[in-house]
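# Fold and contact review
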Amino acid sequence: MYITAIIVFAISTLMFLTRSDGSSLPCKACANDEECDREPEQACPFGWKRDYCGRKVCAKGPMEMCGGRYLKWGVCGSGMECMCNRCKGCYSNTLQCPPPTNPLAFNC
C-alpha cells in the first residue's frame, strides 16, 4: 500500500513538472479536421505552418522570434530554420533574407 502511494505521488509529480508553468497547452486542440484546416484570418507573407496543436498559423519571417515551449513564438516559413529563437536563413518563396551581420559575431 505504501509503495503504491509513492508510485502515484511520483507519477503525479512528473506530470506536474512537464507543465512547470502551471498552465495547460497554449492552444486549444482542434474539435475536427475542418477547424484545423481553417486558413488564418490575416494575410501571411511567409506562408502558414501548423502550431503545436495542429492549427494553421502564419509562419514567421527572417529574424522574427520563433520556437519556445509549445512553439509559443511561432514556426519559421519555408527555407528558414529556428535557431536561438530567431528564424535564420532566407524565405524560399521570395528569397527574402535578413540584412547581413558581422560573420565574427556570435550567432545567438
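Residues numbered from 1 in each chain as written. Predicted model: local features only at pLDDT ≥ 70, side-chain atom pairs only at ≥ 80, totals over all residues. Heavy atoms only, no water.

Looking at an unreviewed UniProt entry, the chain carries the name Neuroparsin, with the source organism given as Carausius morosus.

Counting 7 residues, the largest nonpolar core is built from Phe-46, Ala-59, Cys-66, Cys-76, Met-80, Cys-87 and Tyr-91. If we ignore the near neighbours within four places in the chain, the residues touching Cys-76 are Lys-49, Ala-59, Lys-60, Cys-66, Glu-81, Cys-82 and Cys-87. (Core = buried A, V, L, I, M, F, W, Y, C linked by side-chain atoms within 4.5 Å. Buried < 20%, exposed > 50% of the residue type's maximum accessible area, 1.4 Å probe, protein only. Contact = heavy atoms within 4.5 Å.)

If you walk through the whole model with that rule in mind, you get 3 salt bridges. The shortest N-O distance in the salt bridge between Glu-35 and Arg-55 comes to 2.8 Å. Taken together, the positions of Glu-35 in helix α2 (residues 33-36) and Arg-55 in the loop between β1 (48-50) and β2 (56-58) put the pair 20 residues apart, joining distant regions of the chain. One exposure class covers both Glu-35 and Arg-55, and it is buried. Lys-56 is paired through a salt bridge with Glu-39; the nearest N and O atoms lie 3.0 Å apart. Placement of Lys-56 in strand β2 and of Glu-39 in the loop between α2 and β1 is noted, with a sequence separation of 17 residues between them. (Salt bridge = Lys/Arg side-chain N within 4 Å of Asp/Glu carboxyl O. Helix = DSSP H or I, 4+ residues; strand = E, 2+ residues; numbered from the N terminus.)

With that settled, the discussion passes to the state of the cysteines. Inspection of every chain in the model, using the stated rule, returns 5 disulfides. Sulfur-sulfur distance for the disulfide between Cys-30 and Cys-36 comes to 1.9 Å. Its S-S torsion of about 110 degrees marks the bond between Cys-30 and Cys-36 as right-handed, since a negative value means left-handed. Judged by its relative accessible area of 19%, Cys-30 falls in the buried class. Linked covalently through their sulfurs, Cys-44 and Cys-58 form a disulfide whose S-S length is 1.9 Å. With the S-S bond torsion at -60 degrees, the cross-link from Cys-44 to Cys-58 turns out left-handed. Taken together, the residues Cys-44 in the loop between α2 and β1 and Cys-58 in strand β2 connect sequence positions 14 residues apart. (Disulfide = S-S within 2.5 Å.)

Let us now look at the side chain of Asp-51. Counting through the fold element by element, Asp-51 comes out in the loop between β1 and β2. Of the polar contacts made by the side chain of Asp-51, one reaches the backbone nitrogen of Gly-54; its length is 2.9 Å. Beyond its immediate sequence surroundings of up to four residues, Asp-51 is in contact with Cys-27 and Val-57. (Polar contact = N/O pair within 3.5 Å; in protein donor to acceptor, adjacent residues only side chain to side chain.)

The next point concerns the confidence of the model for the chain. Note: predicted coordinates in regions of low pLDDT should not be interpreted at a detailed level. Scored by pLDDT, the chain has a mean of 78; 69% of the residues are at 70 or more. Taken together, the stretch residues 4-22 has pLDDT below 50 and engages in 9 contacts with residues farther than four places along the chain or on a different chain. (pLDDT = per-residue confidence, 0-100.)

Next up on the list: unusual backbone geometry. Trans peptide bonds make up most of the peptide bonds, and negative phi angles are found at most residues other than glycine. Phi at Tyr-70 takes a positive value of approximately 60 degrees, unusual for a residue other than glycine. Note on placement: Tyr-70 falls in the loop between β2 and β3 (80-83). Judged by relative accessible area, which is 15%, Tyr-70 ranks as buried. Although it is not a glycine, Cys-84 sits at a positive phi angle of roughly 55 degrees. Within the secondary structure layout, Cys-84 lies in the loop between β3 and β4 (86-89).

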